[in-house]
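# Commentary on secondary and tertiary structure
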Amino acid sequence: VGVLVQPRALGDPVTRTIRRHGLVATISGDGPPLLLVHGLGAARHIWRANADRLSRDFTTIAVDLPGHGDSAWPSPAPKTLHPADHAAALKPLIDDFSDGQISVVGNSMGGWIGLEIAANGWASSLAALCPAGLEFDPWVSRSDILVLRRRLAQVLGPVMPPATEMVANTPILRDLLIGDATANFTTLDKSVLADAAIAMRQARGFYASHDGMLNCLFTRAEEVPKSTPVSIVWGSQDSLLPPERQRRVAGPSHASWIVLDQCAHVPMWDQPRRTVEIITETTRRGINSVA
């Protein structure tokens, strides 16, 4: 197990990076554990600003999924990796930080993974932010925009972050990198562009994880215990997974269904304060139900 402690300002939660079970995660805070799961082609850094806020109340565990960020990719590499496979890969880490149940937050593919974790009985609560897997119809082929984004990141990744300012000021490049992720780029720290390009470039598991979501949907809603609080959050301006194309019946029947205005596919970027409020409220309900 490798551990790297990162210095923080006086009074801030201690942050460290761990390597366990082939996974790399950044840990911050000392409260109840809260697992943060990113989406396809992203990495743990997508939670950076939110983890700072959440770690005041929780121990945040921002993990790189298999084949993403700094986490390992199996050899031989699998041809497909379903969200349920990602959930299973996270189970050893869940057990390291809990008694078998942990509070979970997931975005996009990470939201689907969170739903699988909850259906397995491993989640004490779940906040699913723009989760995949709840559409009326499954994806049947690779997304052209996501594949193009992957190829662009392979070109831009090596020159980021020095080229961040140039990309930020080139609308077509900026939109290709994170166009559907945010409703208002001007409110974002431009460093997210570098993070996005580097993460997508590093994502060796991109195609296997993408293909693992083809021709299927999340079908285990009735297996999520009603005692597990679930909040499903959508962005009103999400063009990748528009809220009007999602089936409420595909999610747990007791889930709260929340649509945020002026918000695209990554709510923690567009509505960071409200997103943290929803995560905190959902997580505390789960903690209180167990206490």
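Structure shown above.
Residues numbered from 1 in each chain as written. Predicted model: local features only at pLDDT ≥ 70, side-chain atom pairs only at ≥ 80, totals over all residues. Heavy atoms only, no water.

## Observations regarding the overall build of the protein
A tally of helices and strands in the protein yields 10 helices and 9 strands. Relative to a compact globule of 291 residues, whose C-alpha radius of gyration would be 19 Å, the protein shows 18 Å and is just as compact. Principal axes of the C-alpha set define a box for the protein whose edges measure 50 × 50 × 45 Å. In the protein, buried positions account for 57% of the 291 residues. With the model as given, the accessible surface of the protein reaches about 12,300 Å², and the carbon-plus-sulfur share is 52%. (Helix = DSSP H or I, 4+ residues; strand = E, 2+ residues; numbered from the N terminus. Rg over C-alpha atoms; globule rule 2.2 N^0.38 Å. Buried < 20%, exposed > 50% of the residue type's maximum accessible area, 1.4 Å probe, protein only. Areas by Shrake-Rupley, 256 points an atom, 1.4 Å probe, with all protein chains shown as cover.)

## Topic: the nonpolar core
Within the largest apolar cluster, 49 residues are counted, with the highest numbers of intra-cluster contacts made by Leu-35, Leu-90, Leu-93 and Ile-117. No other element matches the 7 residues that helix H3 (residues 109–119) contributes to this core. Ignoring anything within four residues of it in the chain, the contact list for Leu-35 reads Ile-61, Val-63, Leu-90, Leu-93, Ile-94, Ile-102, Ser-103, Val-104, Val-105 and Ile-117. (Core = buried A, V, L, I, M, F, W, Y, C linked by side-chain atoms within 4.5 Å. Contact = heavy atoms within 4.5 Å.)

## Here's the deal with the pairing of strand E3 (residues 23–28)
Within E3, 6 of the 6 residues are buried, which leaves the element mostly enclosed by the surrounding structure. Along E3, one buried face is formed by Leu-23, Ala-25 and Ile-27 and the opposite face, lined by Val-24, Thr-26 and Ser-28, is buried too. Between strand E2 (residues 15–20) and E3, which pair antiparallel in sequence order, lie 2 residues; one of them, His-21, sits at a positive phi of approximately 55°. Here 5 bridges tie E3 to strand E5 (residues 59–64), and the two strands are oriented antiparallel to one another. Following the sheet pairing, Ala-25 is matched in E5 by Val-63. (Pairing = 2+ DSSP bridges.)

## Section: unusual backbone geometry
Trans is the prevailing form of peptide bonds, just as negative phi is the prevailing case for residues other than glycine. For the bond running from Ser-75 to Pro-76, omega is 0°, close enough to zero to count as cis. Each neighbour pair has its own omega, and for Met-160 with Pro-161 the value is 5°, a cis peptide bond. Checked against the element boundaries, Pro-161 lands in the loop between helix H4 (144–156) and helix H5 (164–168). With a phi close to 60°, Ser-108 is a non-glycine residue in the positive phi region. Here Ser-108 shows up in the loop between strand E6 (102–107) and H3. Of note in this structure, Asn-215 is not a glycine but carries a positive phi near 60°.

## Details of the environment of Leu-36
Topologically, Leu-36 is positioned in strand E4 (residues 33–37). On the basis of relative accessibility, which here comes to 0%, the residue Leu-36 falls in the buried class. Sequence spacing of Leu-36 and Gly-133 is 97 residues, and the spatial spacing of their C-alpha atoms is 18 Å. The residues touching Leu-36, leaving out its near neighbours within four places in the chain, are Trp-47, Ala-51, Leu-54, Thr-60, Ile-61, Ala-62, Val-63 and Val-105.

## Description of helix H2 (residues 83–97)
Taking 1.5 Å of rise per residue, the 15 residues of H2 would be expected to cover 21 Å, and the 21 Å separating its terminal C-alpha atoms lies within 8% of that figure. Within H2, the axis deviates most sharply at Lys-91, by approximately 35°, and proline Pro-92 lies no more than four positions further along. Looking only at H2, the buried set comprises Pro-83, His-86, Ala-87, Leu-90, Lys-91, Leu-93, Ile-94 and Phe-97. (Expected span 1.5 Å × (residues − 1). Bend = angle between axes of the 7 residues up to and from the residue.)

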